[in-house]
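In case you want the letters, here they are:
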2 protein chains.
Amino acid sequence: MNEVRETLSKLVRLEEEEWLVLASCLHEESLPKKSPLLKEGEICTFIAFVSTGAFRYYFLKDGIEKVTSFFFSKDFVSDYSSFLSEKPSMHYIESISTSVVYKLYKKDLMLLYDKYKNIEKLGRLIAENLFLSVDKRLNAFLYLSPEERYKELMNRNPNLSQQVPQYMIASYLGVEPETISRIRKRNS
Amino acid sequence: MNEVRETLSKLVRLEEEEWLVLASCLHEESLPKKSPLLKEGEICTFIAFVSTGAFRYYFLKDGIEKVTSFFFSKDFVSDYSSFLSEKPSMHYIESISTSVVYKLYKKDLMLLYDKYKNIEKLGRLIAENLFLSVDKRLNAFLYLSPEERYKELMNRNPNLSQQVPQYMIASYLGVEPETISRIRKRNS
DNA sequence: GCTTTTTCTTGATTTGAGTCAACGAATTTT
DNA sequence: AAAATTCGTTGACTCAAATCAAGAAAAAGC
C-alpha cells in the first residue's frame, strides 16, 4: 500500500486526510497467473495499481490476440477509455504472472474528486500522463517503421524480452512474430 | 468569446467569477491563411480555442510534411505534449484558412488551476477528452486497414474533403495520396 | 480569358511485411 | 527424463501499399 502512496506522491502532495480517505478506497486483490482482470464487453469500473506482477492488455481480432499494452509493477492498469466513457471495453486485461493489485473504483474516485482538491489535481495529472503515453505510442506508429519501433522499444526497455514472450512484443509493435525474428536476424 | 464559454460549459459548470478571470486570460489573435501558430523547436506555451478558421498540425519527415491532425472551429489547438512536458515541439501548427483564436497561456492556466477548483476540474476533463481522442486514433491504426480508416473518417466527417486537400487526408491516415485515389476509385 | 501552379489520377514497378508451412529450440507437464 | 506443448526461426510465396513517372484536372494568379 505504501508503494501506492510513494507513486502518487511523485505526482501531487496529498494532505494526510486525503491520503487516508483515498487509501480506504483501495481494494487489494491477488491474482494467479493468466487470470482476467477485465473481459471484453465489460465496462471498466476501476483503475488498479500494480503492486507485484505483470499484465497484458489485448483484444481479439478474428480470434487472434492483439496485444495493445503491458503493465508492470508500479503502473496503473485499466481500460481508461472504457473507464472514462463508461462504454463496454473491447479489451481483455490478463495477468502474465502472479500479481497483486489495489483497485480504486470509479464511483469512489468521483466522490474523492469532488471533495478533495488535491485528488482532483491527481486525476488531472494521471489523465495528462496517460495522454502523453498514448500520444507517444501513436507517434511511433506515425513516424517509425516496424524496425525503428522495435529498436526504440528495446532501447527503452532492454529487459522486456525477459518479461514477455516475443510474439506479444510483435503484437505490441503491430507486426507478426516472423517480422521480429527477421529484424533480429538483420541486426545481429 | 462567448463561443469559448459555451464550449467550456459543456464540460464543467463554472462560477461567474471563475469564468471572468479565465476570460481575462484569453488573448485574441487573428491569422491570415498559411500562418504559423507554432514551429518545430518551440515549446508550446498555450492552448488556443479556434473561433473561426482551420489549422493543420504536421511535422517534417525527410522534408516531407506529415499531417498528424486538423483543428476546426470550436476545437482547442495546441501541441499538448509539448505544452505538458515543456519540451520543444517536433510539430508545426499552421492556419489553413484565415483564422481567429483565443490563446490561453500555460503560466496563467497553472495559476487558475491552483486557485479555482472548477478550473482544475476543467483541466482534468480536457486531458481526459484528449486522451480519448488520441486513443481512438491509435486504435484506428492498430485495428483498421488504410481503406477502413478512410471510410470511417469520411463517415464521421463527410465534409472534410471540402475543407482540406486530399493529400493532407492521405497523410493524416498514414498513407500516400495515390492510395487514397485508388481507394476512391475502388469504391465508386 | 489564359497561364501557372497545385492537386489528383492512372499505370508500371518495387518493396516490405504478411501468410503459409515446416522444422528446431525451449518450456512445461506428467 | 521423456513427452507434449508452446515458442522462435527460416524459406517460399503473395499481396497491399510505396515509389516512380507521366498526364489530366482543378485552383490560383495574372
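Residues numbered from 1 in each chain as written. Chains lettered and ligands numbered in written order. Predicted model: local features only at pLDDT ≥ 70, side-chain atom pairs only at ≥ 80, totals over all residues. Heavy atoms only, no water.

## Notes on the protein's contact with DNA strand C
Moving on, step 1. Neighbouring residues of DNA strand C: 16 residues in total, closest A:Thr179, B:Gln166, B:Tyr167, B:Ser181 and B:Arg182.
Moving on, step 2. Among atoms of DNA strand C positioned within 4 Å of the protein, sugar and phosphate together represent 62%.
Moving on, step 3. B:Gln166 places a main-chain nitrogen or oxygen 2.8 Å from a phosphate oxygen of DNA strand C.
Moving on, step 4. When residues of the surface near DNA strand C are traced back to their parent elements, those giving at least two are α9 (177-186) of chain A together with α8 (166-172) and α9 (177-186) of chain B.
Moving on, step 5. Per element, the largest residue contribution to the surface near DNA strand C is five residues, and it comes from α9(B).
Moving on, step 6. Considering only residue class, the surface near DNA strand C consists of four nonpolar, four polar and eight charged. (Near = heavy atom within 4 Å. Polar contact = N/O pair within 3.5 Å; in protein donor to acceptor, adjacent residues only side chain to side chain. Helix = DSSP H or I, 4+ residues; strand = E, 2+ residues; numbered from the N terminus. Nonpolar A, V, L, I, M, F, W, Y, C, P; charged D, E, K, R; others polar.)

## Some thoughts on the packing of aromatic side chains
Residues and elements named next belong to chain B.
Moving on, step 1. With the rule as written, the count across this model stands at 17 aromatic pairs over all chains.
Moving on, step 2. Seen from their ring centres, Tyr57 and Phe71 are 6.0 Å apart, and the 75° between their planes marks the pair as edge-to-face. Of this pair, Tyr57 sits in strand β4 (residues 54-61) while Phe71 sits in strand β5 (residues 64-72); the two residues are 14 residues apart in sequence, bridging distant segments of the chain. The exposure classification of Tyr57 matches that of Phe71, with both residues buried.
Moving on, step 3. An angle of 15° between the planes, with centres 5.2 Å apart, marks the rings of Tyr58 and Tyr92 as stacked. Placement of the pair is Tyr58 in strand β4 and Tyr92 in strand β7 (residues 92-95), with a sequence separation of 34 residues. (Phe/Tyr/Trp six-rings, centres within 6.5 Å; stacked < 30°, edge-to-face > 60°. Buried < 20%, exposed > 50% of the residue type's maximum accessible area, 1.4 Å probe, protein only.)

## With respect to the pattern of salt bridges
Moving on, step 1. All told, the structure shown has 27 salt bridges over all chains when counted by the stated rule.
Moving on, step 2. The salt bridge partner of A:Glu86 is A:Lys106, with a shortest N-O separation of 2.9 Å. With A:Glu86 in the loop between α3 (80-85) and β7 (92-95) and A:Lys106 in helix α4 (residues 106-115), this residue pair connects regions lying 20 residues apart in the sequence.
Moving on, step 3. For A:Lys106, a relative accessible area of 13% corresponds to the buried category.
Moving on, step 4. Two residues, B:Glu16 and B:Arg5, come together in a salt bridge whose shortest N-O distance is 2.7 Å. Of this pair, B:Glu16 sits in helix α2 (residues 16-23) while B:Arg5 sits in helix α1 (residues 2-9); the two residues are 11 residues apart in sequence, bridging distant segments of the chain.
Moving on, step 5. Taking relative accessible area as the criterion, B:Arg5 reaches 29% and is therefore assigned partly exposed.
Moving on, step 6. In the salt-bridge network here, residues are joined through shared partners; they are A:Lys117, A:Arg124, A:Glu128 and B:Glu120. (Salt bridge = Lys/Arg side-chain N within 4 Å of Asp/Glu carboxyl O.)

## Some words on the relation of the copies chain B and chain A
Moving on, step 1. Overlaying chain B with chain A gives an RMSD of 0.1 Å, the required rotation being 179° about an axis along which the chain moves by 0.0 Å. One copy is carried onto the other by what is essentially a two-fold rotation axis. Among all residues of chain B, the minimum C-alpha distance to the rotation axis is found for B:Arg124, at 1.9 Å.
Moving on, step 2. When the interface residues of chain B are mapped onto chain A, 100% of them again lie at the interface, so the same face is used by both copies. (Least-squares fit on C-alpha atoms with pLDDT ≥ 70 in both. Contact = heavy atoms within 4.5 Å.)

## Regarding the sheet that holds strand β2 (residues 36-38) of chain B
Residues and elements named next belong to chain B.
Moving on, step 1. A sheet is described by the order of its strands in space; here four strands give the open sequence β2-β7-β4-β5, paired in antiparallel fashion. Sheet topology places β2 and β5 at the edges, where each strand pairs with a single neighbour. Strand-to-strand, the axes of this sheet are offset by a mean angle of 30°, without reference to chain direction.
Moving on, step 2. With two bridges joining them, β2 and β7 adopt antiparallel strand pairing. Residue pairing for β7: Pro36 is matched across the bridge by Glu94. (Pairing = 2+ DSSP bridges. Axes fitted to C-alpha atoms, helices over the stretch in contact; angles between N-to-C directions.)

## Description of the packing of helix α4 (residues 106-115) of chain B against helix α5 (residues 117-143) of chain B
Residues and elements named next belong to chain B.
Moving on, step 1. Axis separation between α4 and α5 bottoms out at 5 Å; the angle between their running directions is 120°. Classified by the interaxial angle, the pair formed by α4 and α5 is oblique. In terms of crossing hand, the pair formed by α4 and α5 is left-handed. Two secondary-structure elements touch here, α4 through Leu109, Leu112, Tyr113 and Lys115 and α5 through Lys117, Ile119, Glu120 and Gly123.
Moving on, step 2. The class makeup of the residues in the contact of α4 with α5 is four nonpolar, one polar and three charged. (Parallel < 35°, antiparallel > 145°, perpendicular 65-115°, else oblique. Left-handed = near helix turned anticlockwise from the far one by under 90°.)

## Focus: the interface of chain B and chain A
Bring the parts together and some accessible area is lost; that lost area is often taken as the interface size.
Moving on, step 1. Contact with chain B, which involves 30 residues of that partner, is made by 30 residues of chain A.
Moving on, step 2. With both sides pooled, the region where chain B packs onto chain A buries about 3200 Å², and carbon together with sulfur makes up 67% of that total.
Moving on, step 3. Contact with chain A buries surface across chain B, with B:Lys117, B:Phe131 and B:Tyr143 losing the most and accounting together for 22% of the total.
Moving on, step 4. Applying the counting rule to chain B against chain A returns five salt bridges.
Moving on, step 5. The salt bridge partner of A:Glu120 is B:Lys117, with a shortest N-O separation of 3.7 Å.
Moving on, step 6. Summed over the shared surface of chain B and chain A, the number is 12 residue pairs in polar contact (both at pLDDT 80 or more).
Moving on, step 7. Elements represented by at least two residues in the side of chain B that touches chain A include exactly β4, α3 (80-85), α4 and α5 of chain B.
Moving on, step 8. A per-element tally of the side of chain B that touches chain A places α5(B) first, with 17 residues.
Moving on, step 9. Residues that form the side of chain B that touches chain A fall into these classes: 16 nonpolar, four polar and 10 charged. (Buried area = accessible area lost by both parts, 1.4 Å probe.)

## Some words on the domain arrangement of chain A
All names here are of chain A.
Moving on, step 1. In terms of domain boundaries, chain A breaks down into domain 1 (2-142) and domain 2 (144-188).
Moving on, step 2. Using C-alpha coordinates to define each centre, domain 1 is positioned 25 Å away from domain 2.
Moving on, step 3. At the junction of the two partners, domain 1 supplies 15 residues and domain 2 supplies 13 residues.
Moving on, step 4. Summing both sides of the interface, domain 1 and domain 2 together bury roughly 1200 Å²; the carbon and sulfur share of this comes to 62%. (Domains from an automatic or database assignment.)

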